[in-house]
Amino acid sequence: MNQLDFIRALPKAELHVHIEGTFEPELMFAIAQRNEVEIPYKSVEEVKQAYNFHNLQSFLDIYYAGANVLIHEQDFYDLAWAYFEKCAEDKVVHTEMFFDPQTHTDRGIAFSTVINGLQRACDDAKEKFGISSHLIMCFLRHLSEEAAFETLEQALPYKDQIIGVGLDSSEVGHPPSKFERVFAKAREAGFLVVAHAGEEGPAEYVWEALDLLKVNRIDHGVRSEEDETLMARLIAEKMPLTVCPLSNLKLCVVDDMAKHNIRRLLQKGVHVTVNSDDPSYFGGYMNDNFIAITEALDLTKDELKQLAINSFEASFISDDEKQKWSEQIQAMA
Ligand code: ADE
Ligand code: ZN
């Protein structure tokens, strides 16, 4: 089997995808029209032309604007359902998707509207495709600690449907320490915790995510390589990094995929995984990310298998499920 077919056949878990970042322009137009919401583009082509980002903030400005058309429960359902169809195509058999409640509640959309739509899609994906999923609620780090506390309060009635909390949005200037107390409260309430760190921000933010937020995984974390002591700790603790290669390229975290450090991190023993982040904006879903790094970095089948096994090992599924998928992947030739 060639590498491409091998990638397609590999079962995978996705651990870093923002559901609002899966919003394809075609669906955005359809929902904008049925909700009678104006968007500042005349055509799908115009939308795509606007996607020439050069850093995280220039992307986030467009990403938040796109989410404005989501109003009704069915809109959130349709958004998540379209993503699950991509998972089915890419053999993503388990996904842990982020959602940003504040992007919606700050526009007057009820928390229940968002979560009910997403949950219904998760239930249907399990039934129709056999894809399992968890929801992770992210706090927007450019907003205040107080706003994050309020969001955590709103999430408590839905505790059984939300496995964890995360931290996303503009990284530089908004270190993990800003949310130390919110994360302590979230952990006390029984949420697992993850945080974006070391995407545009320095290795110091990864230390803070580990020491102050006590995260179960680091999202991105590619800048950890700049700090040898941190690298030793990540390896010793088997701390997962949810790496997003096409995202890093599109947002100029790396200027050439051939220079991406994911293969080096893997070879050094860091528990790296492959993910799509915001696939509609960054030019590809899970398999596109696998293909991009395989072509640029010449990954072997054993390395591809290790990346896929890592994705299940780093996920929040049961140990039995982890073992089942690992054995299935190990047996692939
Ligand atoms: N929100 C959506 N995608 C993000 C990313 N790559 N970094 C930070 N916040 C985000
Ligand atoms: Zn992200």
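Nothing here was measured: the structure is a model prediction, and the numbers come from that model.

## Regarding the overall build of the protein
And then number 1: Check the secondary structure of the protein and you find 17 helices and 8 strands.
And then number 2: Its C-alpha atoms put the protein at 50 × 45 × 40 Å along the principal axes.
And then number 3: Looking at the 333 residues of the protein, the share that counts as buried comes to 59%.
And then number 4: Accessible area of the protein: about 13,100 Å², with a carbon and sulfur share of 48%.
And then number 5: Side-chain charges of the protein comprise 31 positive and 56 negative groups, with the mean position of each set lying 3 Å from the other.

## Concerning the sheet that holds strand β7 (residues 240-243)
And then number 1: With parallel pairing, 8 strands are arranged side by side in an open sheet as β1-β2-β3-β4-β5-β6-β7-β8. Strand pairing shows two members of the sheet lacking a second neighbour, β1 (12-18) and β8 (271-274), which therefore form its edges. Strand after strand, the sheet turns through a mean of 25° between neighbouring axes, direction not considered.
And then number 2: Where strand β2 (residues 92-99) and strand β3 (residues 132-140) come together, 6 bridges link them in parallel fashion. The partner of T95 across the bridge, within β3, is S133.
And then number 3: Across the sheet, helix α10 (residues 203-211) is in contact with β5 (192-197) and β6 (217-220); its angle to β5 comes to roughly 170°.

## Focus on the coordination of the zinc ion (ligand 2)
And then number 1: All of the protein donors around the zinc ion (ligand 2) are H16 (NE2), H18 (NE2), H196 (NE2) and D277 (OD); their distances to the metal are 2.0 to 2.3 Å.
And then number 2: With 4 donor atoms in place around the zinc ion (ligand 2) and angles of 84 to 175° between them, the coordination shape is irregular.
And then number 3: In the primary structure, the donors to the zinc ion (ligand 2) are separated according to the pattern H-x1-H-x177-H-x80-D. Each member of the pair, H16 together with H18, is buried.

## Looking at the packing of helix α2 (residues 25-34) against helix α5 (residues 73-90)
And then number 1: The geometry of α2 relative to α5 is characterised by a closest axis approach of 11 Å and an angle of 170° between their N-to-C directions. Classed by the angle they form, the pair α2 and α5 counts as roughly antiparallel. The way α2 lies across α5 gives a crossing that is right-handed. Along its contact with α2, which presents L27, I31 and R34, the element α5 presents Q74, D75, D78, L79 and A82.

## Some words on the pairing of β8
And then number 1: Neither face of β8 is open: one carries H271 and T273, the other V272 and V274, and all of them are buried.
And then number 2: Relative to β8, β7 runs parallel, the two being bridged by 4 bridges. Bridge assignment links P240 to a residue of β8, and that residue is H271.

## Concerning the site of ligand 1
And then number 1: Near ligand 1 the following residues occur: H18, L56, F59, L60, Y63, D168, S169, H196, E199, H220, D277 and D278.
And then number 2: The separation between a nitrogen atom of ligand 1 and a polar main-chain atom of S169 is 2.8 Å.
And then number 3: In this structure, D277 approaches ligand 1 through a side-chain N or O atom, which is 2.7 Å from a nitrogen atom.
And then number 4: Within the complex, 100% of the 260 Å² of free accessible area of ligand 1 lies under protein.
And then number 5: A total of 4 residues in the shell around ligand 1 trace back to one element, the largest contributor, which is helix α4 (residues 56-67).
And then number 6: Partitioning the shell around ligand 1 into residue classes produces 4 nonpolar, 4 polar and 4 charged.

## Focus: the environment of K250
And then number 1: Residue position: K250 is located in helix α12 (residues 245-250).
And then number 2: Remark: the alpha-carbon pair of K250 and N52, spanning 198 residues in sequence, is separated by 8.1 Å.
And then number 3: Leaving out residues up to four positions away in the same chain, K250 has contacts with Y51, F53, Y281 and F282.

## So, the UniProt feature "binding site: substrate" (unreviewed entry) in the protein
And then number 1: Per the UniProt record, "binding site: substrate" (unreviewed entry) is found at D278.
And then number 2: Structurally, D278 can be placed in the loop between β8 and α14 (279-282).
And then number 3: When its relative accessible area of 2% is taken as the criterion, D278 is described as buried.
And then number 4: Apart from residues no more than four positions distant in its own chain, D278 is found in contact with H18, G21, F59 and Y63.

The rules behind these values
Residues numbered from 1 in each chain as written. Chains lettered and ligands numbered in written order. Predicted model: local features only at pLDDT ≥ 70, side-chain atom pairs only at ≥ 80, totals over all residues. Heavy atoms only, no water. Helix = DSSP H or I, 4+ residues; strand = E, 2+ residues; numbered from the N terminus. Buried < 20%, exposed > 50% of the residue type's maximum accessible area, 1.4 Å probe, protein only. Areas by Shrake-Rupley, 256 points an atom, 1.4 Å probe, with all protein chains shown as cover. Lys, Arg positive; Asp, Glu negative; His and termini not counted. Charge placed at Lys NZ, Arg CZ, Asp CG, Glu CD. Pairing = 2+ DSSP bridges. Axes fitted to C-alpha atoms, helices over the stretch in contact; angles between N-to-C directions. Contact = heavy atoms within 4.5 Å. Donors = N, O, S within 2.8 Å, 3.2 Å for Na, K, Ca; no water. Tetrahedral: all angles 85-135°; square planar, octahedral: opposite > 155°, others 65-115°. Parallel < 35°, antiparallel > 145°, perpendicular 65-115°, else oblique. Left-handed = near helix turned anticlockwise from the far one by under 90°. Near = heavy atom within 4 Å. Polar contact = N/O pair within 3.5 Å; in protein donor to acceptor, adjacent residues only side chain to side chain. Nonpolar A, V, L, I, M, F, W, Y, C, P; charged D, E, K, R; others polar. UniProt positions renumbered as here; feature names shortened; annotations may be inferred.

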